Amino acid sequence: MEYLSQLNERTHLWVELGLQTIHEDTAKLINRAYPLICFEKAVQKLHAHNIETVVHLILGLPHETREQMLESAKYVSKLPLQGIKLHMLHVLDNAPLGKYYLENLFPILSEEEYITLIGEILCILPPDLVIHRLTGDGPAAHLIEPLWTKNKKKVLNDLNRYLKEADIYQGKSLNTY
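Residues numbered from 1 in each chain as written. Predicted model: local features only at pLDDT ≥ 70, side-chain atom pairs only at ≥ 80, totals over all residues. Heavy atoms only, no water.

J.: Any details on empty space enclosed by the protein? Residues and values, ideally.
T.: Evaluated as defined, the whole model comprises one cavity of 30 Å³ or more. Counted as a void, the largest cavity has a volume near 30 Å³. Elements that contribute at least two residues to the lining of the largest cavity include exactly β2 (52-59) and α4 (66-77). It is β2 that contributes the most residues to the lining of the largest cavity, three residues altogether. Of the residues contributing to the lining of the largest cavity, the split by class is four nonpolar, three polar and one charged. (1 Å grid on protein atoms, 1.4 Å probe; cavity = no way out; pocket = protein on both sides within 12 Å on 5 of 7 lines; lining within 4 Å. Points joined across faces, edges and corners; volume = space filled by probe spheres on them. Helix = DSSP H or I, 4+ residues; strand = E, 2+ residues; numbered from the N terminus. Nonpolar A, V, L, I, M, F, W, Y, C, P; charged D, E, K, R; others polar.)

J.: Could you give me a rundown of helix α7 (residues 152-165), with the residues and numbers involved?
T.: Between the first and last C-alpha of α7 there are 20 Å, a value that for 14 residues agrees with the 20 Å anticipated at 1.5 Å per step. Here α7 has its buried residues at Val155, Asp158, Leu159 and Leu163. Here the buried residues of α7 occupy an arc of 130° about the axis, which is enough to place them on one side. Seen from the buried face of α7, the exposed residues on the opposite side, beyond 90 degrees, are Lys153, Lys164 and Glu165. (Expected span 1.5 Å × (residues − 1). Buried < 20%, exposed > 50% of the residue type's maximum accessible area, 1.4 Å probe, protein only. Arc of directions from axis to C-beta.)

J.: So what's going on with the nonpolar core? Residues and values would help.
T.: Ranked by size, the top nonpolar core spans 39 residues in total, and within it Leu19, Phe39, Leu59, Val76, Ile84, Tyr114 and Ile121 carry the most contacts. Secondary-structure elements contributing two or more residues to this core are β1 (14-20), α3 (36-48), β2, α4, β3 (83-88), α6 (111-124) and α7. Looking at this core, the element that brings in the most residues is α6, giving eight residues. The next biggest cluster of nonpolar side chains, apart from the first, holds eight residues, and it includes Ile58, Leu61, Val91 and Ile144. (Core = buried A, V, L, I, M, F, W, Y, C linked by side-chain atoms within 4.5 Å.)

J.: With reference to specific residues and values, describe the packing of aromatic side chains.
T.: All told, the structure shown has three aromatic pairs when counted by the stated rule. Ring plane angle 80° and centroid distance 5.0 Å describe the contact between Tyr101 and Phe106, whose orientation is recorded as edge-to-face. The burial state of Tyr101 is the same as that of Phe106; both residues are buried. Among the aromatic side chains, those forming a connected cluster through ring pairs are Tyr100, Tyr101 and Phe106. (Phe/Tyr/Trp six-rings, centres within 6.5 Å; stacked < 30°, edge-to-face > 60°.)

J.: Tell me about the layout of surface pockets, and name the residues and values.
T.: Roughly 260 Å³ of internal volume is contained in the largest pocket. Taken together, 13 residues line the largest pocket, and the ones lying closest to its centre are Leu29, Ile30, Asn31, Pro96 and Leu97. By residue class, the composition of the lining of the largest pocket is nine nonpolar, three polar and one charged. Roughly 180 Å³ of volume is contained in the second largest pocket. Lining the second largest pocket we find Gly60, Leu61, Pro62, His63, Glu64, Arg66, Met69, Pro107, Ile108, Leu109, Glu113 and Leu117. Listed by contribution, the elements that provide at least two residues to the lining of the second largest pocket are α4 and α6.

Given below as structure tokens:
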């Protein structure tokens, strides 16, 4: 922390933390390897040292419901974070989760489900939280699911169209006019 504090004085520093989910059963399944309290302590320490922090959430993790994914987003929206990266789960054939998926075939979010979920999440995120990523793309040669993520440009265009048509913007649900 001392080194990060010194570095923060010399340059614009962001520290990224891979939370992925607040749900401990899912964290154990994906081998996150640390409990939620560890994440909370890291955020507190970084905030105490005025170090800007970005959190990663993965949407569509095995056996998580839409409500659980929204709970993770609501949780991080209340923390002293400056940025967020939202990712769709990518099931890869060269990762342990790929093997688990082939043996257990858990549901994968469709593009439409992902886009509407992103819309709900944007509405609950504070307007001053920087959105660093709304989607990602796994290596096509190893991607098992979801295949619709291979066309990132289409996904982003579909997302943009949905947000515009549904009049969704960041922090919309936080406004109390």
